[in-house]
Every structure is written in C-alpha cells, then in structure tokens.
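Residue-level structural notes
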Amino acid sequence: MAVSQKFLLRVHLTTDVVVKVSLTKRPESVEELITILREKLNPRLDFEFTLQYEDPDFNGQLTCLLDIQELPEKGTLKVLRSESDVSSCASSDTDILPHVPLAQRLKCWPDTFPVPTFSYEVEHLLEEGNRAFEMFGKHLKLTRAQKHNILETMASVMHTFKAYPSDGDVGLAAEALVTTHPCLKEPGSRNGSYGWKTSLKFKMGNYRTKLARSGCVEVSVNAGRRSVNNPEGEHPHSNIKRARRAEVNYLPNFPRGEDQVSLEDMRVQIKNEVEKTEPNKVMIEKLMQTTFALRRHEIVQDNPMVKNFLEKWPALRFDSQVSICAEFHRVTNINLRNQFYAELDRHTPRLMALYRQKAARTGKISEALRTILNHYDLQAPDINVKRTAVLRALPVYLREEDPEFFKTCNADTLDESTLIDTPVALLTVVTDGASQTSPVHFTSSSMAIVVEGDLVMREIPRFADAFALLFGLIYALHLDYPRKHVHTFTFVQKIFMGLVDGKPLKPCLHALKNDLLLKE
C-alpha cells in the first residue's frame, strides 16, 4: 500500500511572522501552491507575491521557486511581496538584499474594532463583571489603575491603525469596548460608551506625547509648537502633518539599524544603478523598499518640487508604471491596479446607466455627456473602450469639466514648452488625422501625465491606465487633488479604492454613491 506523500512547510511571511503549513500532496504547479497558501493564510496574503525556498544544493541559500518539483517535502519558503510585473526571480550578479518590512501599519481603520486583551487582573475582573451583568444587570466599578490599563492598551491598538483617529474612529473603538465587555457600559450615556470615547480621546493625546518623546517621527513632526514654554512656536493647530486621505504609512520611521546617512548612501546607489545600460531591477526594487521612509520624510516635511524630487529619485521614472504602483502600495497597502479596475468594472454598468439618464435631459452637462456617449456608441465593444468612456464622463457628471485637465496633442508636434503652466493634466497623444478637438479619444497613440509643467510619465498605453497612475502618483508624491477635480478624485479614493478617511462625502458624491447602490 502506497504511503501518501506529506509536505511540511515553514513559511516566512515577514521577518517576524513565520507559520507552519501542512500539505497532503505536492501541488501541480507553483501557481497552485500560491493559491493554496493564499487560502490557508488569508487575510495575511491578500497581495501579489512570489516564493523563494532554501535550496539544499546551495547550502540553504534562498532561490526562487520556478519548478514545483524542486519543492522539498520538508522545507522553508519565503514570501516576497510583488506589486510589480517585474519578476523577483530575475538573475542577478549581486547579492539579494534582505527584505526590509515596513514595520508600520498594514491596513486602515477596521469596520469592527478588535478589542485587545488586557492585563491578567483586568481580564479576570471583566470576565466576572460580564457574568454579573448578564445575570443581574450590575455594572462594573473600576479602580483608577484598572481603567488606566484598559485605556493604555486600547490606545496602543488604536495607534496601530491611525496616529490621529477621527471622532468617529474613537467612537467605534469605544462602542466595540462596551459591546465586548457590557459590564463597562455607562447607565447615564445614550449608547453606553460616551464617557469611554472621551477618555480614549485624551488617552490618545497622552499616548502621542509619549511617542513623540521617544522619537516616533509620525507624531514628533508636530511637536515643539507654541506653548507656555515656547511662546514663539507655530500655532498648535495649524499645518498639522498627518494622514488625511487614509494613508496607512504616512510618515514611517527609518528601518531598524538605518539612519539618514545610510539611507542617503542607498539613494545614491539607486541613482547610479538606474543610469547603467542594464540596471539590476531586483536590487533597485529592494533598495526602494528600504529607502521608502526617507522619501516620505522628504515629501511630507520639505514639500519639494516634483521635477527636483524625481531627479533625486530617478527610479520613480525608471519603469515608472511599475514604480508608482509599488510606491502607492507602500503608502496604502492596496494594490493600485487590482483594486482600481475591479471596482471600476463593478460599477461600470450602473454608471453608464446614470450617464444615459442624465444625457437624455437638457442643459450643458447633459449635452456634454451625450457627446461622449455618442462617440462611445460608434466604437466596437471593448472593455478598455468602456473604461475610457466611464472615466472621461465621470467629471462631467460631477460638473467638474475642465479643458485644461484633459489635453490633446499630436505625436509629431508635441512641444513640452507649452505645458510649463499646466499644474496637472492627462495628455492624450494622437496620430495624424485624429481630431484634437474631440472630447474623448478611444484609439489614442498613447497617454502621458503632466505634473507642475513636467511630463512625468509617458507612453502609457490606455486612458484608464493613465487615470489610475495619476491617482497613484498623487499618493506617492503627496500631492493635492487637481483643484477643479476634487470631487472626481475623492470619488475614486473612497468608492473605487476604498480609502475612507473619516470625513463625510459631499452631497453630490453622497447622492452618486446612493444611486450606485440602488437596484434597478
């Protein structure tokens, strides 16, 4: 009787997280193994990744897993996050640099706040208190030390999601606390958690003060403002540097063991590598990951010109579509392309229906929508054509049409000097014979992105790609939304990308969101 083959794998998710996975048989392919790991370790592996294994032929050195037959029955795997199409398994004549985890946040504020485990004494007290509340409706009376332990632990967990949680965020945390431990409900409060909400707000302020004193850059950047001891300092409530568009890693600390000098040396190394005839893409991506905190410090604190910043960090221009997606992922921990296209395609049928309803009416907005839809109806059915129509009509529908944002030029007569005064634009490059006055081009030669008068990205194949990359660029370079398209990009942020920042939607966006959720 044949004995079934069993595989026992030790999987490194990060340098600090290692899990054991058992398989009853060898997967048919590497892709199947990735699918199995994604299912077993969900949600820890909700991103694109490749695998490396410790190769016994090379004394346990890490080697990319390309052939499933190379997988040992008892082996060690390492997960490599891959935001790009660039293979992490590319051959290299240099040592593979160690993966440097961001060691910061992995997600935004959750819908259901996870109440942490408190000290042994407090947990025992809460267990008894919950039992008494269930039987007799008796509320628990805490000592000052016990309440301090609860608030301190809650503040620590809250900080893992946001350094500056909004009023609504703190309210959700307080409600989760009294829901998990009903004996803590306040009989004089409408929802039983108002007092806890107020206490958590003050505790978060105290917690940030402690972090600032310990050197945590995310909060220390806002320290040293006007006070009794510093009357000449900046106003305490002006120009606060904090995440305002649901950035997960807004201003991270430098990686452990690194400082500004060592990271600056890496930046120079990246620049030299990009200038080579055949640059090492694997090494560039590893160094860009390690130096992420340095870029965020420069962008947030110094607010440099885009052109100067990209000259200093040329890897963001080198294979720019991949680099911007990777940088966006570092800031938000969201896969730009996957999320953008999944939500765009999901809402496309309903958006097209809303556009046609609006186009059937009278007025300038309706006329502009009719023009776009008439051009669309003449095209052959294609997913990219449909995406172009939906995205091009969105600002029109939201009354944000701006000819200076959607520009068109001929491929042979492109003059960059004419773009100097352009703050931000999507540039459609057309071939000879195409009308440059058309409101939408479904068969353009290519797309380009203009920021601060500079062509920062070229040769983008499709309109939807350019739109998504511009959104990613705004996050990567910490830019403001285009002044006349704030509603459009806020809609993309909150509806398409799911980056909810706690601020309420404007009435026009709230109405559009409700229309999208209505069932016909």
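Every residue gets a number counted from 1 within its own chain, in the order that chain's sequence is written. Confidence filtering applies because this is a predicted model: local features only for residues at pLDDT of at least 70, side-chain atom pairs given and counted only at 80 or more, and all residues used for totals across whole chains, interfaces and linings. Calculated side-chain values reflect all of the structure's heavy atoms, with hydrogen atoms and water omitted.

A look at the overall build of the protein
- Numbering of helices and strands runs from the N terminus, with a helix taken as a DSSP run of H or I at least four residues long and a strand as a DSSP run of E at least two residues long. Counting its regular elements, the protein contains 17 helices and nine strands.
- Two residues form a contact once any of their heavy atoms are found within 4.5 Å. Once local pairs closer than 6 in sequence are excluded, the contacts in the protein between residues at least 24 apart make up 62%.
- Summing over all exposed atoms, the protein offers an accessible surface of approximately 27400 Å²; the carbon and sulfur share of this is 50%. Reported accessibility uses the Shrake-Rupley method at a 1.4 Å probe radius. Residues are deemed covered only where the shown protein chains occlude them.

Here we look at the pairing of strand 9 (residues 454-460)
- Counting buried positions along strand 9 gives five out of seven residues, so the element sits mostly inside the fold.
- One ladder, built from four bridges, connects strand 8 (residues 446-451) with strand 9; its direction is antiparallel. Looking at strand 9, one finds that M447 is bridged to I460.
- Hairpin connection of strand 8 to strand 9: two residues between the antiparallel strands, including E452 at a positive phi of 55°. Exposure is judged per residue with a 1.4 Å probe applied to protein chains only, and the accessible area is read against the type maximum: over 50% gives exposed, under 20% gives buried, and values in between give partly exposed. Strands are labelled as partners when DSSP assigns at least two bridges between them.

A few points about the sheet that holds strand 2 (residues 18-23)
- Read from one edge of the open sheet, five strands run 2-1-5-3-4, paired in mixed fashion. Since the sheet does not close on itself, it has two edges, and those belong to strand 2 and strand 4 (61-64), each with one partner. The sheet shows a mean angle of 35° between the axes of neighbouring strands, taken without regard to direction.
- In terms of strand pairing, strand 3 (residues 49-55) meets strand 5 (residues 74-81) through five bridges, oriented antiparallel. Bridging across to strand 5, F49 finds its partner in R81.
- Angles run from 0 to 180 degrees between N-to-C directions of axes, and those axes are lines fitted to C-alpha atoms, restricted for helices to the stretch in contact. Each of strand 1 (7-12), strand 2, strand 3 and strand 5 is contacted by helix 1 (residues 30-40), which is oriented at about 120° to strand 2, the strand it contacts most.

Let's talk about the packing of helix 9 (residues 292-302) against helix 11 (residues 320-332)
- The geometry of helix 9 relative to helix 11 is characterised by a closest axis approach of 12 Å and an angle of 80° between their N-to-C directions. Of the possible angle classes, the one that applies to helix 9 and helix 11 is roughly perpendicular. Residues F292, R295 and R296 of helix 9 pack against E327, R330 and V331 of helix 11.
- Any residue outside Ala, Val, Leu, Ile, Met, Phe, Trp, Tyr, Cys, Pro, Asp, Glu, Lys and Arg is labelled polar, Gly included; the first ten of those are nonpolar and the last four are charged. Partitioned by chemical class, the residues of the contact of helix 9 with helix 11 number two nonpolar, no polar and four charged. Under this scheme an angle from 65 to 115 degrees is roughly perpendicular, one under 35 degrees roughly parallel, and one over 145 degrees roughly antiparallel; angles in between are oblique.

Thoughts on the sheet that holds strand 6 (residues 406-410)
- Judged by pairing direction, the sheet is mixed, and its four strands sit side by side in the order 6-7-8-9 without closing on themselves. If you trace the sheet from one side to the other, it starts and ends with strand 6 and strand 9, each paired once. Sheet twist, expressed as the mean angle between neighbouring strand axes with direction ignored, is 25°.
- Note that strand 6 and strand 7 (residues 424-430) share five bridges and pair parallel. Across the sheet, the residue bridging to F406 is L426, located in strand 7.

Looking at the side chain of D55
- The residue D55 is located in strand 3 in this model.
- By the counting scheme adopted, Arg and Lys are positive, Glu and Asp are negative, and His together with the chain ends is not counted. Criterion for a salt bridge: a side-chain nitrogen of Lys or Arg within 4 Å of a carboxyl oxygen of Asp or Glu. As a buried residue without a salt bridge, D55 has its nearest oppositely charged side chain in R26, at a separation of 12 Å.
- With near-sequence residues (within four places) excluded, D55 lies in contact with G60, Q61 and T63.

Focus on the nonpolar core
- Within this scheme, the nonpolar core is defined by two criteria: the residues are buried Ala, Val, Leu, Ile, Met, Phe, Trp, Tyr or Cys, and they are joined through side-chain atoms within 4.5 Å. One finds F340, Y355, L426, I449 and F471 to be the most contacted residues of the largest nonpolar core, which totals 82 residues.
- Setting aside residues up to four positions removed in sequence, F471 forms contacts with F328, L336, Y481, F489, V492, Q493, M497 and L499.
- Counting residues in hydrophobic clusters, the runner-up holds 31 residues, among them W109, V122, I150 and M158.

As for helix 7 (residues 260-274)
- By this rule the span expected of a helix is its residue count minus one, scaled by 1.5 Å. Taking 1.5 Å per residue as the helical rise, helix 7 with its 15 residues ought to reach 21 Å, and the 21 Å between its terminal C-alpha atoms agrees with that figure.
- Listed in full, the buried residues belonging to helix 7 are L263, M266, R267, I270, E273 and V274. Down the axis of helix 7, the buried set is contained in an arc of 125°. They therefore lie on one face.
- Where helix 7 is buried, its residues meet helix 8 (281-290), helix 9 and helix 10 (306-312).
- Among the residues of helix 7, the N-terminal cap falls to D259, whose side-chain oxygen and the backbone nitrogen of V261 are separated by 3.2 Å. The arc in question is traced by the directions running from the helix axis to the C-beta atoms. Definition of a polar contact: a pair of N or O atoms within 3.5 Å, with one able to donate and the other able to accept a hydrogen when the atoms are protein atoms, and with sequence-neighbouring residues admitted only if both atoms are side-chain atoms.

Observations regarding the pattern of salt bridges
- Under the definition given, this model contains 21 salt bridges.
- E128 serves as the salt-bridge partner of R131, at 3.1 Å between the closest nitrogen and oxygen. Of this pair, R131 and E128 are both found in helix 2 (residues 120-136), three residues apart, which corresponds to roughly one turn of the helix.
- Judged by relative accessible area, R131 falls into the partly exposed class, the value being 38%.
- A salt bridge links D169 to K162, with the nearest nitrogen and oxygen atoms 2.7 Å apart. Per residue, the accessibility class of D169 equals that of K162, and both read buried.
- Here the salt bridges do not stand alone but share partners, grouping E127, E128 and R131 into one network.

Looking at unusual backbone geometry
- Of note in this structure, E452 is not a glycine but carries a positive phi near 55°.
- Positive phi, normally seen in glycine, also occurs at H478, with a value near 55°.
- Note on placement: H478 falls in the loop between helix 15 (463-476) and helix 16 (486-496).
- Judged by relative accessible area, which is 24%, H478 ranks as partly exposed.

Details of empty space enclosed by the protein
- With a 1 Å grid laid over protein atoms only, a set of points is called a cavity when a 1.4 Å probe fits there but cannot get out and a pocket when it is open yet has protein on both sides within 12 Å along at least five of seven lines; lining residues have an atom within 4 Å of a point. Grid points are joined across faces, edges and corners, and a volume is the space filled by probe spheres set on the points. By the definition in use, this model includes one cavity of 30 Å³ or more.
- Looking at the largest cavity, its volume works out to about 160 Å³.
- Lining the largest cavity are 12 residues, and of these K281, I284, E285, V322 and S323 sit closest to its centre.
- Taken together, the elements giving at least two residues each to the lining of the largest cavity come down to helix 8 and helix 11.
- Here the residues of the lining of the largest cavity are counted per class, giving seven nonpolar, one polar and four charged.

Some details on the environment of T413
- Turning to its location among the elements, T413 is positioned in the loop between strand 6 and strand 7.
- Expressed as a C-alpha distance, the spacing of T413 and T431, which sit 18 residues apart in the sequence, is 9.9 Å.

Examining the packing of aromatic side chains
- Between rings of Phe, Tyr and Trp, where Trp is taken as its six-membered ring, a pair exists when centres lie within 6.5 Å; planes separated by under 30 degrees are stacked, by over 60 edge-to-face, and by other angles tilted. One pass over the structure, following the stated rule, counts 17 aromatic pairs.
- Here F340 and F467 contribute two aromatic rings whose centre-to-centre distance is 6.5 Å and whose plane-to-plane angle is 25°, an arrangement assigned as stacked. Taken together, the residues span a long stretch of sequence, with F340 in helix 12 (residues 336-359) and F467 in helix 15 at a distance of 127 residues.
- Owing to a relative accessible area of 1%, F467 belongs among the buried residues under this scheme.
- Across from the ring centre of Y481, 4.5 Å away, lies the NZ or CZ of R245, which sits over that ring. Two limits define a charge over a ring: the Lys NZ or Arg CZ must be within 6 Å of the ring centre, and within 35 degrees of the ring normal.

Shape descriptors only; they carry no functional weight alone.
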